[in-house]
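Chain and residue survey
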Amino acid sequence: MDGSIGIWLAIAAMTCAAVFAVLIPLSRRTDTAADARDVEVYKDQLAEVDRDAAAGLIGPAEAEAARIEVSRRLIAAAERAGASGAAGEGMSRRRRIAAIAAIVVVPAIAALAYGLRGQPGYPGQPLAERQRAAPQQSDVATLIGRIEAHLATNPEDGRGWEVVAPVYLRMGRLPDAVRAYSNAMRLLGVTADRQADLAEAQTIAAGGVVSAEAKAGFERALALGPGHPKAGYFLGLASEQDGKPEEAKARWTRMIGEAPADAPWLGLLRSEIARLGGTAPAAAAPAPQATPGPAQIRAMVDGLAQRLAADGSDFDSWLRLVRSYVVLGEGDKAREAAASARRLFAAEAEKIARLDSLVNELGIGGS
Amino acid sequence: MTTIGTPAPASRGMTRKQRRLTLIGLALGVLGLAAGLVLYSLSGSITLFQSPTDVVEKNLQPGTRMRLGGLVEGGSVRRGENMEVAFAITDGRTTIPVAYRGILPDLFREGQGVVTEGVLGPDRSFRADSVLARHDENYMPKEVADSLKRQGHWKPGDPAPNPNAPARQR
Amino acid sequence: MSPEIGHYALVLGLALALFQSVVPIWGSRKGDATLMATAPSVALGQFVFVTLAFAVLTHAYLVSDFSVENVYLNSHSSKPLIYKISGVWGNHEGSMLLWVVILTLFSALVALFGRNLPLSLKANVLAVQGWITVAFLVFILKTSNPFARLAPAPFEGRDLNPLLQDVGLAIHPPLLYLGYVGFSMSFAFAVAALIDGKIDAAWARWVRPWTLVAWIFLTAGISMGSYWAYYELGWGGWWFWDPVENASLMPWLAGTALLHSAIVMEKREALKVWTVLLAILTFSLSLLGTFLVRSGVLTSVHAFAVDPERGVFILAILVAFIGGSLALYAWRAPLLKQGGLFAPVSREGALVFNNLFLTASCAAVFVGTLYPLALETLTGAKISVGPPFFNWTFGPLMVPLVIAMTFGPLVAWKRGDLLAVAQRLTVALVVGIAAIAVTYAVTTGGPVLAPLFVGLAAFIIVGAMVDIAERTQLFRAPASVSFARARGLPRAAWGTAVAHAGVGVMLLGIVGETAYKQETIVQMRPGDSVQVAGYDLTLQALVPVQGPNYRDLVARLQVREGGVPVGMMEPAKRLYTARNMPTTEAALKTRGVSQLYVSPGDATADGSIAMRFFYKPMVLLIWIGTLVMMLGGLLSLSDRRLRVGAPKPSARRAAAVQAAE
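Residues numbered from 1 in each chain as written. Chains lettered and ligands numbered in written order. Predicted model: local features only at pLDDT ≥ 70, side-chain atom pairs only at ≥ 80, totals over all residues. Heavy atoms only, no water.

**Some words on the overall build of chain B**
- Counting secondary structure elements, chain B contains three helices and seven strands.
- Per-residue burial for chain B yields a buried fraction of 44% across its 170 residues.
- A separation of at least 24 residues holds for 50% of the contacts in chain B among residues at least 6 apart in sequence.
- As displayed, chain B has an accessible area near 8,800 Å², and 57% of this comes from carbon and sulfur atoms. (Helix = DSSP H or I, 4+ residues; strand = E, 2+ residues; numbered from the N terminus. Buried < 20%, exposed > 50% of the residue type's maximum accessible area, 1.4 Å probe, protein only. Contact = heavy atoms within 4.5 Å. Areas by Shrake-Rupley, 256 points an atom, 1.4 Å probe, with all protein chains shown as cover.)

Shown next as structure tokens:
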């Protein structure tokens, strides 16, 4: 609480300083009227011209011209000074008004303007202090902050990158995840797992689309570790996205055939094959079990859709939803989502253009 | 201050009126010259900015010099021999293939905004002689900035909004 | 230190600025010395508070206080210290705050050093400065508050745009703003004169030092920006006629005209009304520049409409100040006593000629910059006006100007004799023609006109020397006499000659760079060589290098001249990891005043890399020329003559204050 007392003290002190910046000149007795003071200024100038001319700093002709001119002003000011002796009456009244303005209006304006946006109760949060204060709370953001601080000073610590990468992925910081995986791979060496993880992160970052780069990564992973399930799965997905579902089915079917019977990802492959309208070889495994597969993706996409139904202001989430429906093979829903987004952002041409280009790219045009 | 020089109008030089006319004449002359140059150059060095849809709808003729702008279509960039690059510019409705030879700007990326300047070819393809990723005051194309700010904070399995993008306080 | 202190300081600055906008001018109307005397102390108070706000924001950057949104968006805890500091003004909010800091700085300077200004002029000038401060502080607080907070505070910032992580950029905006905002002084003096309804030669002397200061800083800012674009963007150009550049060039042209017309006013009491108008226009163009860059209207008219609050607000400021001052001008200018007319062939005439061409070229740039905006707003058609437009309008207008520039200082006041001046310039003419002949003989290729421009540049440089030689009777009088005369020569005369020579030097650089540069683009693999302008460059290797917050792919090039190694060049393709943003780091090798310039493209999968090579003869003269021009400005500023009624040496002032107490 003492922090907030400090800020109030500071505010009070600053206000006083501002008020005094006005009051001090007002309180100074200025008996001479403005023009009388100007007379002083001009006399001073004349003296200066003479000094400069004597020192040879300005030419005689220039000095003479300056002298004539200043004298002319001097005479005019002196005349006005004589005439304005009567102006003194209004002075004390004006001074009172100015003083009131200083004491009342200046703080009032400051209070009003600050009141609109200010958050006096919210102290500053310097990073170093927060990192010192944080260690007992084990909240993820704090941990990440610490790892990041560590990595910032030791960017060559491959283990650190490897630890932080999946956390990024889980938090949805996808570009960071991609970078962390690639740093880990660069520093610790290429393995099938790392290569596949990196490519997976790239795929997720691209909204579920296996890019050419990611595809090459999966192929490398498969070359390093033949039969790598993650690589195989995503390469199948890539084939599907390239418009070759038969190839995808063939690849997945082959994988099921070669896999040990208790591999946890068999269920996922089966349901994927089923989604493409094929039949999975029944031979291998027992009943499909809870695998991180379409069901979970399904739930997540539904969650996203619900969230957007409640609050549709985040344009990028709409793009994601459209993509997700396409990945799930639900073209109608994708078109619906695109249409909703179009309605919501009709006024923003740049966003509509991005939406159009996505719709075009995904081949679900016609809305 | 009055006029400069000797008051005798017959002296070497000009009368007050002549001087005034000379000055006004000079001023008008310079203004005229400037206006002429502006109009002449303006007619010759303006290039119109077109979107791919404009190219189709306005039925622009091959040989038209213009600026073509839009998004670089995802997956369309192909690099060839000798710094030849082919890509496609799209505005969501229409897509135009573009050919370019040279070094692409740093900020050139698939899915990002780009402006190219060049000549329309016979088959509605575009031969660019310069490619810019447009700048705002940060020397950064606005589209790039936007998408960098909000790029993909989503992945399967994470329905929660990104915790690292706190809400803006007003 | 809580960021809230900065926020509150800013608000207090606004309250004081409001007071300053009203009370001193009221005092000046009533002839009340007490009210007028509040202006200096209130101006100082504003400066203190606004600077405090800026200091608090800087502190928030230094300690990475990400609870401040501005810090979160533009900083990163691992950023090097200098870029944490420059990050403060590397973004919209911070740069607007810097703008106001500089504005109040100039007010404070008038308050401190304007002791020998007549009281009412000083009060009016400070009141006008107060109006500008109010407008911009309201703008900042309403639409671009740098102290907006984030709760909860994020743990890491979003980093500064890597292109902006550069020493050049750390100092470029402050210089540019010192120039822009400096012209607010000329503006305030002009408006104060219009309010008072009187103006004379002394006014011009009071205005000239401020204008000169602003001009020097603006020259420095533009020059620095140009060099920054040259080496940082990696495109090899130094001036693109980009609207952002034009926005700073326009006030420079008008400000240069103002400097010269103020001389006529000071010496001959002529061109009063015109000088006042120029002072208003110059600052209006500075405001326009701020508007163009800050409103986002340049990116597209559309972007302006998407975030209309800022744009509309700053447009309103623009309209209010330009419209208001021009209306005041139309109303009050007829009251100002008209100056005299003069012979066309005279120093005055030459300065009028200068003004005509400078304002005409400024108008041409104005049209080229704003025509696309106007057209898009009116018809929706998007056009771009390319560099050829500017080259073809600006170029031809500059040629007569720079020729006249050589004659001008040699022509006498009141009535000159062109023939006599031409005779005195014979040496310069001969050198110019010789330069043309030599250039023709030595160069092959290049545009036909280029040697003529080389000759023109030589003519200008030698002409400026002739000016000094004539004034000191060099070679005609004994050396001791010449030396004495040179010492006795007003610094302003030296300033003129030096600044004009600077224009010649810059012209030489421009001609060399544009007409004789060599360029080639090659796809290279390690081991390959390329020949550029007599230099052999061999790509030895492509090496990855890890930096603090980026990763480089460095191309190591061995440079040989005539088979002899003269060093390495190491351009790089850089990736800033936090933003995943690639940049190009061009490499420069300076040979005399010429440079080799290498800019790498993307490396391809097969291990080759595209590289762009330039040889840029005399390119450094462009910036050396601007430095010489600034030196001329400084010499002129140090002239004793300008001190009459202008800032006095502080020592004597302090003595005077002590004596008064």
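The structure having been displayed, the exposition proceeds.
**Thoughts on the overall build of chain C**
- Each helix and strand in chain C was counted, giving 21 helices and 11 strands.
- The C-alpha atoms of chain C give 27 Å as radius of gyration, which agrees with the globular expectation for 661 residues (26 Å, within 12%).
- Counting only C-alpha atoms, chain C reaches 80 × 75 × 60 Å along its principal axes.
- Counting the 661 residues in chain C, one finds 65% classified as buried.
- Contacts spanning at least 24 positions in sequence make up 73% of the contacts within chain C whose residues lie at least 6 apart.
- With an accessible surface of roughly 22,000 Å², chain C has 68% of that area assigned to carbon and sulfur atoms.
- Taken as two groups, the 47 positive and 34 negative side-chain charges of chain C have centres that lie 11 Å from each other. (Rg over C-alpha atoms; globule rule 2.2 N^0.38 Å. Lys, Arg positive; Asp, Glu negative; His and termini not counted. Charge placed at Lys NZ, Arg CZ, Asp CG, Glu CD.)

**A closer look at the pairing of strand S7 (residues 572–576) of chain C**
All names here are of chain C.
- Most of S7 sits out of view: four of its five residues are buried.
- Relative to S7, strand S5 (residues 550–561) runs antiparallel, the two being bridged by five bridges. Each bridged residue has a counterpart across the sheet, and for Arg-551 the counterpart in S7 is Leu-575.
- Bridging between S7 and strand S8 (residues 581–585) involves five bridges; their strand directions are antiparallel. Residue Lys-573 lies in a different strand from S8, and its bridge partner there is Thr-584. (Pairing = 2+ DSSP bridges.)

**Focus: helix H17 (residues 450–472) of chain C**
Residues and elements named next belong to chain C.
- Between the first and last C-alpha of H17 there are 34 Å, a value that for 23 residues agrees with the 33 Å anticipated at 1.5 Å per step.
- Across the 23 residues that make up H17, a large majority, 18, are buried.
- Positive backbone phi, at 55°, marks Gln-473, one or two positions downstream of H17. (Expected span 1.5 Å × (residues − 1).)

**Examining the pairing of strand S3 (residues 529–532) of chain C**
Residues and elements named next belong to chain C.
- Residues of S3 alternate between two faces, with Val-530 and Val-532 buried on one and Ser-529 and Gln-531 left unburied on the opposite face.
- As paired elements, S3 and strand S4 (residues 535–546) share four bridges and run antiparallel to each other. Looking at S4, one finds that Val-530 is bridged to Leu-537.
- Linking two consecutive strands that pair antiparallel, namely S3 and S4, is a turn of two residues; a positive phi of about 45° is found at Ala-533 within it.

**Let's talk about the nonpolar core**
- Counting residues in each nonpolar core, the largest one holds 207 residues, and the members touching the most others are Trp99(C), Phe136(C), Phe189(C), Trp203(C), Leu253(C) and Val276(C).
- Leaving out residues up to four positions away in the same chain, Phe189(C) has contacts with Leu117(C), Leu121(C), Val125(C), Trp203(C), Trp206(C), Val207(C) and Trp210(C).
- Counting residues in hydrophobic clusters, the runner-up holds 23 residues, among them Ala196(A), Met255(A), Ile256(A) and Ala259(A). (Core = buried A, V, L, I, M, F, W, Y, C linked by side-chain atoms within 4.5 Å.)

**Overview of the sheet that holds strand S2 (residues 518–524) of chain C**
All names here are of chain C.
- Spatial strand order, S2-S11-S10-S9: four strands in an open sheet with antiparallel pairing. Looking along the sheet, the strands with just one partner apiece sit at the ends: S2 and strand S9 (587–591). Neighbouring strand axes in the sheet, compared pairwise and without regard to direction, differ in orientation by 15° on average.
- Relative to strand S11 (residues 609–616), strand S10 (residues 594–603) runs antiparallel, the two sharing seven bridges. Within the sheet, the bridge partner assigned to Ser-599 lies in S11 and is Arg-612.
- Seen against the sheet, helix H8 (residues 201–232) touches S9, S10 and S11 and runs at an angle of roughly 50° to S10. (Axes fitted to C-alpha atoms, helices over the stretch in contact; angles between N-to-C directions.)

**Thoughts on the interface of chain C and chain A**
- Contacts between the two partners involve 74 residues from chain C, matched on the other side by 69 residues from chain A.
- Of the roughly 5,900 Å² buried at the junction of chain C and chain A (both faces included), carbon and sulfur atoms supply 62%.
- Counting across the interface, chain C meets chain A through one salt bridge.
- Two residues, Arg94(A) and Asp32(C), come together in a salt bridge whose shortest N-O distance is 2.8 Å.
- Applying the counting rule to chain C against chain A returns 16 residue pairs in polar contact (both at pLDDT 80 or more). (Buried area = accessible area lost by both parts, 1.4 Å probe. Salt bridge = Lys/Arg side-chain N within 4 Å of Asp/Glu carboxyl O. Polar contact = N/O pair within 3.5 Å; in protein donor to acceptor, adjacent residues only side chain to side chain.)

**Some details on the side chain of Ser482(C)**
All names here are of chain C.
- If you trace the backbone, Ser-482 turns up in helix H18 (residues 479–488).
- Judged by its relative accessible area of 4%, Ser-482 falls in the buried class.
- Look past the residues within four positions of Ser-482 in its chain and what remains in contact with it is Thr-472, Gln-473, Leu-474, Phe-475 and Ala-477.

**Examining the confidence of the model for chain B**
Residues and elements named next belong to chain B.
- A residue-level look at chain B finds 69% of positions with pLDDT of 70 or above and a mean pLDDT of 69.
- Mean pLDDT in chain B bottoms out at helix H3 (residues 142–150), which sits at 35, and peaks at strand S5 (residues 95–101), which reaches 91.
- Confidence drops under a pLDDT of 50 for residues 1–12, and excluding neighbours within four residues, the segment shows 16 contacts in the predicted structure.
- Segment residues 135–170 is flagged for pLDDT under 50; beyond a separation of four residues in sequence, or across chains, it makes 90 contacts in the model. (pLDDT = per-residue confidence, 0-100.)

**Observations regarding the packing of aromatic side chains**
All names here are of chain A.
- Summed over all chains, the structure comprises 27 aromatic pairs over all chains.
- Look at Phe-218 and Phe-234: their rings are 4.9 Å apart centre to centre, the planes differ by 5°, and that puts the pair in the stacked class. In this pair, Phe-218 sits in helix H10 (residues 212–224) while Phe-234 sits in helix H11 (residues 229–241), placing the two residues 16 residues apart along the sequence. A single burial state applies to Phe-218 and to Phe-234, both of which are buried. (Phe/Tyr/Trp six-rings, centres within 6.5 Å; stacked < 30°, edge-to-face > 60°.)

**Let's talk about helix H9 (residues 243–268) of chain C**
All names here are of chain C.
- Between the first and last C-alpha of H9 there are 37 Å, a value that for 26 residues agrees with the 38 Å anticipated at 1.5 Å per step.
- H9 sits mainly inside the fold: 23 of its 26 residues count as buried.
- Its side-chain oxygen at 2.8 Å from the backbone nitrogen of Val-244, Asp-242 defines the N-terminal cap of H9.
- Where H9 ends, the next residue or the one after it, Glu-269, has phi of about 55°, a positive value.

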